Amino acid sequence: MPSTEQIELLATPCVTCREHHLKCDREVPRCGRCVRAGRECKLGFKFKPSKDTFNRNQRWLRTPRQLIYVDETRCLTTGSPIEDISSYEFHIDETDTGEPEPTSSSTTPPIIAIARDYKEARKQPVEVSPVRNQLRPNDSLPNERTPETELHPYRGHSGIGSTTRYDVRSLQAGNDVRIPPIRNILAPNFHTTSTLPLKNRTEAVLFRHYIQKLAICLDLCDPHRHFEFVVPERAAMCHTLLNAIFAIAARHLSHTTDFDPLASNRYHDECLKYLIPMLNHASTVSDENLFAATIILRMLEEMDVPTTGQDNYSHLLGIHAFVNVGDHYMVAGSLSAASFWVGLRQEIYIAVITQQPVKVSLDHFVVDRSFEPADDYTWSNRAIVLIADVLNFCFGENSFTVGRWNALDEACRKWSATRPPSFDPFFYRERTATTAFPEVWHGSSCHVIGIQHHILAQLFLTQFDPSIPKVGTNRRAAVKQMTNRIENLMRELCGIGVCNQWTPPSMFTACMGIAMFGDQFGERSDQEALIDTLRKTEADHARPTAAIQQQLMKAWGWIPENEV
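Residues numbered from 1 in each chain as written. Predicted model: local features only at pLDDT ≥ 70, side-chain atom pairs only at ≥ 80, totals over all residues. Heavy atoms only, no water.

Engineer: Lay out the overall build of the protein with the relevant residues and their values.
Structural biologist: Across its full length, the protein holds 20 helices and five strands. Here the protein holds 564 residues, and 52% of them are scored as buried. The long-range share in the protein, meaning contacts at least 24 apart out of those at least 6 apart in sequence, stands at 72%. (Helix = DSSP H or I, 4+ residues; strand = E, 2+ residues; numbered from the N terminus. Buried < 20%, exposed > 50% of the residue type's maximum accessible area, 1.4 Å probe, protein only. Contact = heavy atoms within 4.5 Å.)

Here is the structure:
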């Protein structure tokens with residue numbers, strides 16, 4: 001039986017929760033938060049202070065008047081050691097006015113250079129602060145948001161309840177680099193005064209179009225609707241964020257109306273002029289306004305495929321830089337967390353189309369793989385994490401095992417069995433002889449996206465089912481059963497998309513399924529319905545589908561294989 005002192009040691013909050021500034025439930029041998037998030041739970045120890053006291057005549061070392069601070073942020077991000085410390089250090093003494101003085105005139109670290117340049121313009125001191133789990137006062141706290149609303153507030157919070165979860169993790173985790181934020185630096189992408197109200201009517205039209213038509217595509221699983229409410233308010237002070245809004249709105253209007261097709265390029269270039277240089281600085285990864293701007297520009301990049309002819313994923317790489325830095329700055333309920341979920345959905349779209357694993361790190365405390373009671377938004381995000389795990393299983397290297405397939409399949413079944421009944425449609429009608437898809441009506445975008453991503457996970461698991469014989473007399477029957485299941489799931493996926501076009505991503509998700517599994521439909525009427533869905537998505541929502549249409553028509557034999 002453990003002693004009283006041993007029990008006291010076991011009841012200490014774990015180191016992992018303390019590092020993430022989270023409340024630990026102190027369960028042993030692993031706390032509930034670490035179990036749900038799939039992290040290593042490092043036990044902490046409580047040390048009792050000694051009763052001994054120092055002598056009154058104890059002599060202490062005097063702090064020197066001049067302190068030397070070494071900026072190691074660049075070596076942390078690159079993983080390389082500092083070769084010459086003298087070129088990266090600056091001095092501060094008691095008489096210092098806040099101006100860092102480099103010891104070398106030839107080499108100046110980039111972050112300190114930014115601080116000095118803009119201090120000279122704004123006369124603001126540079127404050128070198130220790131790492132804290134809080135964000136910069138100018139741009140990080142989401143203090144302007146709508147009250148938190150849950151579709152089902154009576155359900156328990158995700159932090160309380162059973163710790164049942166599926167132990168399937170992504171192996172493509174990025175480097176968890178924790179970089180101290182550099183505070184009180186006035187970056188060039190911030191206005192000194194609010195730009196609202198806008199003076200230019202055309203820009204006001206673009207601003208309104210973003211809020212009314214495009215923000216819904218980003219706020220699918222966000223109860224606070226950061227991209228509709230917080231981002232426009234932040235854009236009043238953030239130059240890059242404002243131009244990102246103008247760029248995405250102009251591009252969407254140019255694809256769906258006769259709006260000037262070159263207008264978006266001007267705003268896009270203005271964004272890149274500041275965003276690209278700032279991505280070279282370690283402090284940028286903690287700036288959630290730039291994170292949100294990168295998310296918006298990635299959405300624009302997806303729309304540009306018909307114009308450029310290819311998707312170079314440049315802004316997707318920028319998203320990786322923000323996400324893979326670690327979760328030190330990703331406070332739950334913040335704009336950073338909202339941007340993470342949008343970035344993950346964008347990464348899933350690319351992973352499906354390119355048939356590659358998800359490259360965004362899923363090793364964050366906001367990622368929840370449990371099945372305990374929670375609000376509907378959390379359940380939708382769990383389905384999104386599940387499809388990411390499934391894609392990593394299907395397309396990852398050395399990850400295809402029967403045991404892992406069984407674990408993922410069980411997770412899919414458990415999500416269906418334990419999800420809230422609010423995910424059921426409020427209207428459902430089976431398809432008829434003249435229709436290809438059933439009618440499925442939902443009232444919330446988070447329900448639509450959650451159900452659709454769960455269907456996608458089922459589709460890929462069905463296609464990659466290891467129990468299907470590779471050869472033999474039983475293969476034909478097994479393949480036929482697999483094809484029938486895929487067709488039924490696809491009809492459901494497309495029916496949800498077509499009947500819920502008020503949330504455009506429902507059509508995007510349906511197109512993902514069509515791109516991967518549309519070739520398995522043999523009836524001409526079904527094929528035409530799939531093509532109509534692709535065409536409508538491109539015409540109404542500026543999402544490129546022409547290449548998918550061409551590939552499917554070749555697969556169905558509508559056009560010769562050798563025809564371009």
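Moving on from the model shown.
Engineer: Tell me about the state of the cysteines, and name the residues and values.
Structural biologist: A full pass over the atoms with the stated rule returns zero disulfides. The thiol sulfur of Cys 14 is not disulfide-bonded, and the nearest other cysteine sulfur, from Cys 17, lies at 3.4 Å. Not engaged in a disulfide, the cysteine Cys 31 finds its nearest cysteine sulfur in Cys 34; these two sulfurs lie 3.4 Å apart. Its relative accessible area of 0% is what places Cys 31 among the buried residues. (Disulfide = S-S within 2.5 Å.)

Engineer: Which residues make up helix H20 (residues 546-556), and what values go with them?
Structural biologist: Within the sequence span of H20, burial applies to Ile 548, Gln 549, Leu 552, Met 553 and Trp 556. All buried residues of H20 fall inside an arc of 130 degrees around its axis, so they share one side. Next to the buried residues of H20 lie helix H13 (335-354), helix H18 (505-517) and helix H19 (524-541). (Arc of directions from axis to C-beta.)

Engineer: So what's going on with the packing of helix H7 (residues 226-235) against helix H10 (residues 288-303)? Residues and values would help.
Structural biologist: Where H7 meets H10, the closest approach of the two axes is 11 Å, and the angle between their N-to-C directions is 115 degrees. For the pair H7 and H10, the crossing hand works out as left-handed. When H7 is examined against H10, the residues Phe 227, Val 231 and Arg 234 are found in contact with a partner set consisting of Glu 288, Asn 289, Ala 292, Ile 295 and Ile 296. When grouped by side-chain class, the residues that make up the contact of H7 with H10 number five nonpolar, one polar and two charged. (Axes fitted to C-alpha atoms, helices over the stretch in contact; angles between N-to-C directions. Left-handed = near helix turned anticlockwise from the far one by under 90°. Nonpolar A, V, L, I, M, F, W, Y, C, P; charged D, E, K, R; others polar.)

Engineer: Can you lay out the packing of aromatic side chains for me, pointing to particular residues and giving the numbers?
Structural biologist: Inspection of the entire model under this criterion finds 10 aromatic pairs. Measuring from ring centre to ring centre gives 5.1 Å for Phe 340 and Trp 341, while their planes differ by 70 degrees; the resulting arrangement is edge-to-face. On the accessibility criterion, Phe 340 (0% relative accessible area) is buried. Note on Trp 556 and Trp 558: the rings are 5.4 Å apart at their centroids and 50 degrees apart in plane angle, and the pair reads as tilted. A residue is classified by how much of its surface remains accessible, and Trp 556, at 13% relative accessible area, is buried. Members of the aromatic cluster, connected to one another through ring pairs, are Phe 395, Phe 460, Phe 464 and Phe 517. The side chain of Arg 524 reaches across the aromatic face of Trp 558, ending 3.8 Å from its centre. A cation over a ring is seen here: Arg 543 above Tyr 349, with NZ or CZ 5.0 Å from the ring centre. (Phe/Tyr/Trp six-rings, centres within 6.5 Å; stacked < 30°, edge-to-face > 60°. Lys NZ or Arg CZ within 6 Å of the ring centre and 35° of its normal.)

Engineer: Which residues make up the side chain of Ser 445, and what values go with them?
Structural biologist: Among the structural elements, Ser 445 can be located in helix H16 (residues 445-463). Using a relative accessible area of 13% as the deciding quantity, one classes Ser 445 as buried. Excluding its chain neighbours within four sequence positions, the residues that come into contact with Ser 445 are Leu 220, Trp 502 and Thr 503.

Engineer: I'd like a rundown of unusual backbone geometry, residues and numbers included.
Structural biologist: The step from Leu 196 to Pro 197 runs through a cis peptide bond, and the omega angle for that step is 0 degrees. Among the structural elements, Pro 197 can be located in the loop between helix H5 (110-122) and helix H6 (201-218). Of note, the phi angle at Arg 225 is positive, near 50 degrees, even though the residue is not glycine. Here Arg 225 shows up in the loop between H6 and H7. You will see that Ala 542, though not glycine, has its phi angle at about 60 degrees, which is positive. One can find Ala 542 in the loop between H19 and H20.

Engineer: Describe the nonpolar core, and please don't skip the residues or the numbers.
Structural biologist: By size, the foremost hydrophobic cluster in this structure holds 78 residues, and its most contacted members are Leu 344, Ile 348, Val 390, Leu 391, Leu 459, Phe 460 and Met 490. Elements represented by at least two residues in this core include exactly H13, helix H14 (376-395), helix H15 (402-418), H16, helix H17 (475-499), H18, H19 and H20. Ranked by residue count, the leading element in this core is H14, at 13 residues. Leave out the neighbours within four places in its chain, and Met 490 touches Leu 459, Gly 513, Ile 514, Phe 517 and Phe 521. Among the nonpolar cores identified, the runner-up in size contains 40 residues, and Leu 218, Cys 238, Leu 297 and Ala 338 belong to it. (Core = buried A, V, L, I, M, F, W, Y, C linked by side-chain atoms within 4.5 Å.)

Engineer: Describe the confidence of the model for the protein, naming the residues involved and giving the relevant values.
Structural biologist: Here the protein shows a mean pLDDT of 77. Residues at 70 or above account for 67%. Here residues 306-311 is a poorly scored stretch, pLDDT under 50, and it has nine contacts once near neighbours within four places are set aside; other chains count. (pLDDT = per-residue confidence, 0-100.)

Engineer: Just give me the short version of the pattern of salt bridges, but keep the residues and values in it.
Structural biologist: For the structure shown, the criterion picks out 16 salt bridges. Between Asp 526 and Arg 491 there is a salt bridge whose closest N-O contact spans 2.9 Å. On the criterion of sequence distance, the pair formed by Asp 526 in helix H19 and Arg 491 in helix H17 is long-range, its members being 35 residues apart. Comparing Asp 526 with Arg 491, the two get one shared label, buried. One salt-bridge network, held together by shared partners, links Arg 298, Glu 301, Glu 302 and Arg 543. (Salt bridge = Lys/Arg side-chain N within 4 Å of Asp/Glu carboxyl O.)

Engineer: I'd like to hear about the packing of H6 against H10, residue by residue, with values.
Structural biologist: H10 packs onto H6 with a crossing angle of 95 degrees between their chain directions and a minimal axis gap of 12 Å. Relative to H10, H6 is oriented roughly perpendicular. Contact with H6, carried on its side by Tyr 210, Leu 214, Cys 217 and Leu 218, involves Ile 295, Ile 296 and Met 299 of H10 and no other residues of that element. (Parallel < 35°, antiparallel > 145°, perpendicular 65-115°, else oblique.)

Engineer: Lay out the environment of Asp 409 with the relevant residues and their values.
Structural biologist: Relative to the assigned elements, Asp 409 resides in helix H15. With 53 residues separating them along the chain, Asp 409 and Thr 462 place their C-alpha atoms 9.0 Å apart. Here Arg 413 takes part through its side chain, which lies 2.9 Å from a polar atom of the side chain of Asp 409. (Polar contact = N/O pair within 3.5 Å; in protein donor to acceptor, adjacent residues only side chain to side chain.)

Engineer: Can you lay out the side chain of Gln 520 for me, pointing to particular residues and giving the numbers?
Structural biologist: By the element assignment, Gln 520 lies in the loop between H18 and H19. With residues near it in sequence (within four places) discarded, Gln 520 still touches Gln 463, Thr 483, Ile 486 and Glu 487.

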